[in-house]
Each structure stands twice: as structure tokens, then as C-alpha cells.
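For reference, the chains in residue letters:
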Amino acid sequence: MTEDSAERAGTGAPVVAAIRAAIIHGDFAPNQRLVEADLSAQFSASRASVRAALIELANEGLVERVQNRGARVRSISIEEAVEISEVRMVLESLCARKAAERITAQQVRDLKAIGRAMRRAVGSSDVVGYSELNEQLHRRIREIGGQHTAAQVLERLRAQSVRHQFRLAMRPGRPAVSLPQHLAIIDAISAHEPELAEQATRAHLASVIEALVESAETKQRG
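Residues numbered from 1 in each chain as written. Predicted model: local features only at pLDDT ≥ 70, side-chain atom pairs only at ≥ 80, totals over all residues. Heavy atoms only, no water.

## Focus: the overall build of the protein chain
Right, so step 1: Looking only at helices and strands, the protein chain has 10 helices and three strands in total.
Right, so step 2: Along the protein chain, helices (α) and strands (β) appear in the sequence α-α-β-α-α-β-β-α-α-α-α-α-α when read from the amino end.
Right, so step 3: The C-alpha atoms of the protein chain give a radius of gyration of 19 Å, which matches the 17 Å a tight globule of 222 residues would have.
Right, so step 4: By principal-axis analysis of the C-alpha atoms, the protein chain measures approximately 55 × 45 × 30 Å.
Right, so step 5: The burial tally for the protein chain puts 45% of its 222 residues in the buried class.
Right, so step 6: Put simply, 71% of the contacts in the protein chain that link residues at least 6 apart link residues at least 24 apart.
Right, so step 7: When the accessible surface of the protein chain is summed, it comes to about 11,600 Å², and 50% of that surface belongs to carbon and sulfur atoms.
Right, so step 8: Separation between the mean location of the 30 positive side-chain charges and that of the 28 negative ones in the protein chain comes to 1 Å. (Helix = DSSP H or I, 4+ residues; strand = E, 2+ residues; numbered from the N terminus. Rg over C-alpha atoms; globule rule 2.2 N^0.38 Å. Buried < 20%, exposed > 50% of the residue type's maximum accessible area, 1.4 Å probe, protein only. Contact = heavy atoms within 4.5 Å. Areas by Shrake-Rupley, 256 points an atom, 1.4 Å probe, with all protein chains shown as cover. Lys, Arg positive; Asp, Glu negative; His and termini not counted. Charge placed at Lys NZ, Arg CZ, Asp CG, Glu CD.)

This is the structure:
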């Protein structure tokens, strides 16, 4: 058990949240077996709680249960990550449109502050920091838009494709490509321009999809 996963498990979060976080943060690798007895000891939970958590995580698409072989972390292909990004494009665009309609002056300042932090992260080549700010920005836009159902779906989709997103963010030059896209989204929402906010979000996700497809093609050639 890593120090990070121990800290997350020790916060009193339900076991399903602790296992979910461990998968998202890479403590468990794709296709790794998830043994109930081991998880019970690792997260100080009963076998029944672990079993129920694995069933819920299977419903979320993070875990797959194999007959007579238990559970394992589900591996997400690049092709599936592309499909997920296509769904994200629709939902994230809706959230951006609603955010542009509802944003307050204080929320504008919040988004602008994230944008400035993203500029600094790119300028200092802080790729990990930029990736975290990216996630923060999208989450804040969903909150401002008030689309709770879309936010729940998007969070599940993000959890399924987080490894591909992180690898994409780590690609040399990728933050410099996505930064102006994010700033365009921030500017459109801050200016109360719903259509521009939707268009900017679609353009950004289209760029993500293009990069994922390019990554798949590069992998095939390799």
C-alpha cells in the first residue's frame, strides 16, 4: 500500500471511494487482480464492504468481474478513450454554455485566476501542475453551470479514461497546445457568451480526440 493510498483510505471515506481513488491514481494497474482479502486488509474494511464496492465500481466501468476468477482493474483502450471523449464533448459543451449564462463576477475572477495559474505552469514547464489545473478548471465550470447530472456522468467518464488523459498531458508540447484552448473557454464564459463557450469547449475536446487518435496510430506503427 502506497503512502498516498494509505492517506486516502484513512480519511474515513467509504471503501468504494478509497478503492476508486486508488485505481484513478494508479495504485492499481490495468488488469491487476483485486483480491477481496487483500483489499479488506489494505483499506481496513469488511469483506462484505469490499465485495459491494467492487460491484459498484464494476457498474462504473472501473472494475470488471470475471466468472470464477474474481475482479480486476478494467483496462481502457485508446479507442474507448476516444469514445469517452466524444461523449465528454457533448456534456462539457453543455456545462460551458450554462456556465456562461449563470456566471457571477466572483466566479469570473475564480476562472481568470485558474487561467493565470495555467499560464504560469506552462511557462515553468510544470506539466503535472498544469494537468491538475486542467482538471480543476473543468470541475469548476461544471459547478458554475449547475449541471449536477452531467457532472456525475462526467466524473465517472473521467475516472475511466484518466490514465489516457494523464499520458496525453505528459506528451511534450501538449500543454502549450491546450493552454490557448482553455483560455478561450475561460474568456467566453467570463464574457457571458454561451455559444462561444460551447464552441470553444467543442474545439478543445476535438483537439483531445485528435491527439488520442494520433497516439493510437503512433503506437500501431511502433
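Don't stop here, the text continues.
## As for the pairing of strand 2 (residues 63-66)
Walk down a regular strand and you will see the side chains alternate between the two sheet faces.
Right, so step 1: Two elements, strand 2 and strand 3 (residues 70-73), share four bridges in a ladder whose sense is antiparallel. Considered in strand 3, the bridge of Arg65 is made with Ala71.
Right, so step 2: A loop of three residues connects strand 2 with strand 3, the two strands running antiparallel in sequence, and Asn68 in this loop sits at a positive phi of about 65 degrees. (Pairing = 2+ DSSP bridges.)

## Examining the pattern of salt bridges
Right, so step 1: By the definition in use, this model includes 16 salt bridges.
Right, so step 2: Between Arg20 and Glu60 there is a salt bridge, with the nearest N and O atoms lying 2.7 Å from each other. Placement of Arg20 in helix 2 (residues 15-24) and of Glu60 in helix 4 (residues 47-60) is noted, with a sequence separation of 40 residues between them.
Right, so step 3: Salt bridges here are not isolated pairs; linked through shared partners, they connect Arg88, Glu92, Arg142 and Glu155. (Salt bridge = Lys/Arg side-chain N within 4 Å of Asp/Glu carboxyl O.)

## Brief notes about the packing of helix 5 (residues 78-102) against helix 7 (residues 127-145)
Packed helices, taken two at a time, are described by their axes: the angle between them and the distance between them.
Right, so step 1: Contact geometry for helix 5 and helix 7: axes closest at 7 Å, N-to-C directions at 60 degrees. In terms of axis orientation, helix 5 runs oblique to helix 7. Crossing hand, helix 5 versus helix 7: left-handed. Counting all contacts with helix 5, which are made through Arg88, Glu92, Cys95, Ala96, Lys98, Ala99 and Arg102, the residues of helix 7 involved are His138, Ile141, Arg142, Ile144 and Gly145.
Right, so step 2: Class assignment of the residues belonging to the contact of helix 5 with helix 7 gives a composition of five nonpolar, two polar and five charged. (Axes fitted to C-alpha atoms, helices over the stretch in contact; angles between N-to-C directions. Parallel < 35°, antiparallel > 145°, perpendicular 65-115°, else oblique. Left-handed = near helix turned anticlockwise from the far one by under 90°. Nonpolar A, V, L, I, M, F, W, Y, C, P; charged D, E, K, R; others polar.)

## Side note on the sheet that holds strand 1 (residues 33-34)
Backbone-to-backbone hydrogen bonds pair the strands of a sheet. The strands run either parallel or antiparallel.
Right, so step 1: Strands sit in the order 1-3-2 across an open sheet of three strands; the sheet is antiparallel. Edge positions in the sheet fall to strand 1 and strand 2, since each of these pairs with one other strand and no more.
Right, so step 2: Against the sheet, helix 4 contacts strand 1, strand 2 and strand 3, and its axis sits at roughly 110 degrees relative to strand 2.

## Some words on the nonpolar core
Right, so step 1: Core analysis: the largest hydrophobic core is formed by 23 residues, its most contacted members being Ile103, Leu111, Met118, Leu137, Ile141, Ile189 and Ala197.
Right, so step 2: Looking at this core, the elements that each hand over two or more residues are helix 5, helix 6 (105-123), helix 7, helix 9 (174-190) and helix 10 (194-221).
Right, so step 3: Contact partners of Met118, with chain neighbours within four places excluded, come to Tyr130, Leu133, Asn134, Leu137, Leu179 and His182.
Right, so step 4: Listed in part, the 22 residues of the second largest apolar core include Val15, Leu34, Ala53 and Val63. (Core = buried A, V, L, I, M, F, W, Y, C linked by side-chain atoms within 4.5 Å.)

## Here we look at the confidence of the model for the protein chain
Right, so step 1: For the protein chain, mean pLDDT is 87; residues scoring 70 or higher make up 90% of the total.
Right, so step 2: Predicted confidence is poor over residues 1-12, with pLDDT under 50, and the contacts of this stretch with residues over four places away or in other chains come to 14 contacts. (pLDDT = per-residue confidence, 0-100.)

## Here we look at unusual backbone geometry
Right, so step 1: The residue Ser44 is not glycine, and still its phi comes out positive at about 50 degrees.
Right, so step 2: Summarising the element assignment, Ser44 is placed in the loop between helix 3 (36-42) and helix 4.
Right, so step 3: Phi angles above zero are rare outside glycine, and His192 is one such case at about 60 degrees.
Right, so step 4: Positionally, His192 belongs in the loop between helix 9 and helix 10.
Right, so step 5: By relative accessible area, which is 42% here, His192 ends up partly exposed.

## Some details on the environment of Ala188
Right, so step 1: Positionally, Ala188 belongs in helix 9.
Right, so step 2: Given a relative accessible area of 8%, Ala188 falls into the buried group.
Right, so step 3: Taking the C-alpha atoms as reference points, Ala188 and Glu198, 10 residues apart in sequence, are found 8.6 Å from one another.
Right, so step 4: When residues no more than four places from it in sequence are discounted, the contact partners of Ala188 are Ala100, Glu193, Leu196 and Ala197.

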